[in-house]
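Residue-level listing of the chains:
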Amino acid sequence: MEISIYERFKSDKAKKKKNFVVLIDPDDVKTQNIQQIVDLAARAEVDCFFMGGSLIMNDTLDYSISQIKEACNIPVVLFPGNSLQLSYRADAMLFLSLISGRNPELLIGKHVETASFLYASPLEIISTGYMLVDGGVPTSVSYMSNTYPIPSNKADIAVCTALAGELIGMKLIYMDAGSGAKTPIPTSMIQAVGERLKIPLVIGGGIRTPEKALENVQAGADVIVVGNAIEKDPSLITDIAAAVHSLNTA
Ligand code: 1GP
């Protein structure tokens, strides 16, 4: 039986094997060189694609996933900004609860609305505690969700929020400084959360260099997500993947 995406994240964490995820905004697939990104990702053994955006303007989700699926075997996981971002062509979906915020719709309301539909779907559903951390600029997520991010100097709040997610039974914690963040999540915060959490820790937002990606996995991140920087320079995939995976052979 094929191992589920979540089981892979979990067993990789147990083995201290780090994963690298490329985030693709479906709106940009027609304008960016998706073929180049997919080729580079396959060669660099990227572990997963996340697919989604705070606001998708075009109906290109199915098309974008098909483009990836035709070209490689890398799994595609939906990272939906809202409940319209659903495609059965993906392999899995992060079922996000915005646990850094206090917007009940994003803690339970949208989940109730979509539960029956998702339960019957072929998608692997991965319950994810999503935590927005201040990245130095107002983000689309913050505006669209009507929530405040966790201040970046409040590691104690991040730790307790992540632990609450784990105790509630969430399977992943995704700490995100938001797409295009000026300042990525501080290493000290990643370390504080990483050393307490038993479930896999995903880190994203504003990571632009292999050095930063490496620093984050060394601090305790299990999965690194990069979107913006790769959109601007796809060749970064090779070096960031090498940096993230460099700990795996140690
Ligand atoms: C955003 O974590 C992701 O939700 C990735 O952020 O686009 O800044 O890499 P970037």
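Residues numbered from 1 in each chain as written. Predicted model: local features only at pLDDT ≥ 70, side-chain atom pairs only at ≥ 80, totals over all residues. Heavy atoms only, no water.

Visitor: Mind showing me how you'd approach the site of the ligand here?
Guide: Every one of the 13 residues lining the ligand counts as a neighbour, but Asp 176, Ser 179, Gly 180, Gly 227 and Asn 228 are closest to it. Contact distances for the ligand include 2.6 Å between an oxygen atom and a side-chain N or O atom of Ser 179. In this structure, an oxygen atom belonging to the ligand sits 2.8 Å away from a main-chain N or O atom of Gly 206. Isolated, the ligand exposes 310 Å² of accessible area, and the fraction of that covered by the protein chains is 97%. (Near = heavy atom within 4 Å. Polar contact = N/O pair within 3.5 Å; in protein donor to acceptor, adjacent residues only side chain to side chain. Areas by Shrake-Rupley, 256 points an atom, 1.4 Å probe, with all protein chains shown as cover.)

Visitor: Please explain the nonpolar core as it appears in this structure.
Guide: Here is a general trend for soluble globular proteins: nonpolar side chains tend to be buried in one another's company. Of all hydrophobic cores here, the largest spans 80 residues; its most connected members are Phe 20, Phe 49, Phe 50, Met 175 and Ile 224. Contacts of Phe 50, omitting those with residues within four sequence positions, involve Val 21, Val 22, Leu 23, Ile 24, Val 77, Phe 79, Leu 94, Tyr 174, Val 202 and Val 225. (Core = buried A, V, L, I, M, F, W, Y, C linked by side-chain atoms within 4.5 Å. Buried < 20%, exposed > 50% of the residue type's maximum accessible area, 1.4 Å probe, protein only. Contact = heavy atoms within 4.5 Å.)

Visitor: What's the story with the pattern of salt bridges in this structure? I'm lost.
Guide: Pairing between side chains of opposite charge can happen when their charged atoms approach one another. As enumerated under the stated definition, the model contains nine salt bridges in all. The shortest N-O distance in the salt bridge between Lys 10 and Glu 7 comes to 3.8 Å. In this pair, Lys 10 and Glu 7 both sit in helix H1 (residues 5–14), three residues apart, roughly one turn of the helix. Bridged by salt links that share partners, the residues Lys 13, Lys 18 and Asp 222 form one connected network. (Salt bridge = Lys/Arg side-chain N within 4 Å of Asp/Glu carboxyl O. Helix = DSSP H or I, 4+ residues; strand = E, 2+ residues; numbered from the N terminus.)

Visitor: Is there a simple way to think about the side chain of Thr 161 in this case?
Guide: Mapped onto the elements, Thr 161 comes out in helix H6 (residues 155–168). The class for Thr 161 is buried, based on a relative accessible area of 12%. Aside from chain neighbours lying at most four places away, what touches Thr 161 is Ile 99, Ser 100, Met 131 and Ile 150.

Visitor: Looking at this structure, I do not really get the sheet that holds strand S3 (residues 76–78). What am I missing?
Guide: Note on sheets: strands pair through backbone hydrogen bonds, and any given pair is parallel or antiparallel. As summarised here, the arrangement of the eight strands in space is S1-S2-S3-S4-S5-S6-S7-S8, forming a closed barrel in which the pairing is parallel. For this sheet, the mean angle separating the axes of adjacent strands, direction not counted, is 30°. Here five bridges tie strand S5 (residues 124–132) to strand S6 (residues 172–176), and the two strands are oriented parallel to one another. For Tyr 130, the partnering residue across the bridge sits in S6 and is Tyr 174. (Pairing = 2+ DSSP bridges. Axes fitted to C-alpha atoms, helices over the stretch in contact; angles between N-to-C directions.)

Visitor: What is the right way to read the pairing of strand S4 (residues 92–98) from this model?
Guide: Side-chain direction in a regular strand flips from residue to residue, so the side chains alternate between the two faces of the sheet. With six of seven residues buried, S4 is to be regarded as a mostly interior element. Here two bridges tie S3 to S4, and the two strands are oriented parallel to one another. By the bridge assignment for S4, Leu 78 is matched with Met 93. In this view, the connection linking S4 to its parallel neighbour S5 by way of helix H4 (residues 104–119) has right-handed handedness. (Right-handed = clockwise from strand over helix to strand, strands pointing away.)

Visitor: So what exactly am I meant to see when it comes to the packing of aromatic side chains here?
Guide: Tallied over the full model, the rule gives six aromatic pairs. Taken together, Phe 50, Phe 79, Tyr 130 and Tyr 174 form an aromatic cluster joined through their ring pairs. (Phe/Tyr/Trp six-rings, centres within 6.5 Å; stacked < 30°, edge-to-face > 60°.)

Visitor: I tried to follow the pairing of strand S8 (residues 223–226) on my own but got confused; where do I start?
Guide: Covered by surrounding structure in S8 are Val 223 and Val 225 together with Ile 224 and Val 226, the residues of both alternating faces. Judged from the four bridges that link them, strand S1 (residues 19–24) and S8 form a sheet pairing that is parallel. Looking across to S8, one finds that Asn 19 is bridged to Val 223. A crossover links strand S7 (residues 201–204) with its parallel partner S8, the connecting element being helix H8 (residues 210–219), and its sense is right-handed.

Visitor: Help me understand a nonpolar patch on the surface, please; the structure alone is not making it clear to me.
Guide: A grouping of Leu 55, Met 57, Tyr 143 and Met 144 is seen on the molecular surface, where their side chains present a nonpolar patch of about 530 Å² in accessible area. In this structure, Tyr 143 sits in helix H5 (residues 140–145). Under the relative-accessibility criterion, Tyr 143 is labelled exposed at 69%. (Patch = residues over 30% accessible without salt bridge, like charges linked within 9 Å, V, L, I, M, F, W, Y side chains within 5 Å.)

Visitor: In this structure, what is going on with the packing of H8 against helix H10 (residues 236–245)? I would like to understand it.
Guide: If you want to describe how two helices pack, look at the angle between their axes and the distance between the axes. Following both chains from N to C, one finds H8 and H10 inclined at 25°, their axes separated by 8 Å at the closest point. Judged by the angle between their axes, H8 and H10 are roughly parallel. Handedness of the H8/H10 crossing: right-handed. Where H8 abuts H10, its residues Pro 210, Ala 213, Leu 214 and Val 217 lie against Leu 236, Asp 239, Ile 240, Ala 243 and Val 244. Its residues assigned to classes, the contact of H8 with H10 shows eight nonpolar, no polar and one charged. (Parallel < 35°, antiparallel > 145°, perpendicular 65-115°, else oblique. Left-handed = near helix turned anticlockwise from the far one by under 90°. Nonpolar A, V, L, I, M, F, W, Y, C, P; charged D, E, K, R; others polar.)

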